[in-house]
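Structural features, examined
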Amino acid sequence: MAPPRLVGHKRRCCNFLLGLSGVYCTLFVAYIVHTFLIKPASQWRSVSYYGKSSAGAAMIGLHWVGGMIVLLLGTLQLVPEIRSRWPRFHKIVGYTYISACIITSVAGFSYICKERTVGGLSMDISFIIYGLLFLVSEGNQLAVAVAVVVTAAVEEDMTKVLSYG
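Residues numbered from 1 in each chain as written. Predicted model: local features only at pLDDT ≥ 70, side-chain atom pairs only at ≥ 80, totals over all residues. Heavy atoms only, no water.

Another aspect to go through is the side chain of Thr-75. Its location among the elements puts Thr-75 in helix H3 (residues 54-77). With residues up to four places along the chain from it excluded, the contact list for Thr-75 reads Leu-18, Ser-21, Gly-22 and Cys-25. (Helix = DSSP H or I, 4+ residues; strand = E, 2+ residues; numbered from the N terminus. Contact = heavy atoms within 4.5 Å.)

When their charged atoms lie close together, side chains carrying opposite charge are able to pair. According to the stated counting rule, one finds one salt bridge in the structure shown. Between Asp-124 and Arg-116 there is a salt bridge, with the nearest N and O atoms lying 2.3 Å from each other. Of the residues examined, Asp-124 reaches a relative accessible area of 3% and is grouped as buried. (Salt bridge = Lys/Arg side-chain N within 4 Å of Asp/Glu carboxyl O. Buried < 20%, exposed > 50% of the residue type's maximum accessible area, 1.4 Å probe, protein only.)

Okay, the packing of aromatic side chains next. Following the criterion strictly, the structure yields three aromatic pairs and no others. On the basis of an interplanar angle of 35° and a centroid distance of 6.4 Å, the ring pair of Phe-28 and Tyr-31 is categorised as tilted. Remark: Tyr-31 and Phe-28 occur in helix H1 (residues 8-37); sequence separation between them is three residues, near one turn of the helix. Through a chain of ring-to-ring contacts, three or more aromatic side chains come together here, namely Tyr-24, Phe-28 and Tyr-31. (Phe/Tyr/Trp six-rings, centres within 6.5 Å; stacked < 30°, edge-to-face > 60°.)

Looking now at helix H5 (residues 87-115). With 29 residues, H5 should reach 42 Å at 1.5 Å per residue; the first-to-last C-alpha distance of 41 Å fits that figure. Count one or two residues on from H5 and you reach Arg-116, which has phi positive near 70°. (Expected span 1.5 Å × (residues − 1).)

A few words on the side chain of Ser-105. Within the secondary structure layout, Ser-105 lies in helix H5. Of the residues examined, Ser-105 reaches a relative accessible area of 7% and is grouped as buried.

This part takes up the layout of surface pockets. Looking at the second largest pocket, its volume works out to about 850 Å³. Forming the boundary of the second largest pocket are 30 residues, of which His-63, Trp-64, Thr-104, Phe-127 and Tyr-130 lie nearest the centre. Broken down by secondary-structure element, the contributors of at least two residues to the lining of the second largest pocket are H1, H3, H5 and helix H6 (121-164). For the lining of the second largest pocket, the leading source of residues is H3, giving nine residues. Residues of the lining of the second largest pocket, tallied by class, amount to 20 nonpolar, nine polar and one charged. (1 Å grid on protein atoms, 1.4 Å probe; cavity = no way out; pocket = protein on both sides within 12 Å on 5 of 7 lines; lining within 4 Å. Points joined across faces, edges and corners; volume = space filled by probe spheres on them. Nonpolar A, V, L, I, M, F, W, Y, C, P; charged D, E, K, R; others polar.)

This is a description of form; function is not addressed.
Now the structure itself:
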């Protein structure tokens, strides 16, 4: 089922919010790259609380890179024109997005288990719950994507079967 079409001020409002989200994501990615990723991992420890060990620095670095991919590609997935004009691109970006979500979550879990967060146990638990909900959400998105592909394939096969009759 296709999503409802937005018209007039609702469409302009959605486009504005989507653009604002894209700008925010781009600025946040630029901040992470400038503050942390330009420097070697050995220097991250001196910049912040992150990565008290080399393994911790690697995990948080992987979490950041995955998170940047999630932020940038997630915004692209919401653009209706991309979904309708370039469905193959939308599909590739979608599977890349889901893979980056899994990598980001696993790296974040690993970091929390190894290094802990700066906010103590309550922050550890909160981030773990958030990460689990994130994974459940991505699992649901993957299930929907696969169901759409399977449904389209079955409908195409049924059309071929009925046309030969």
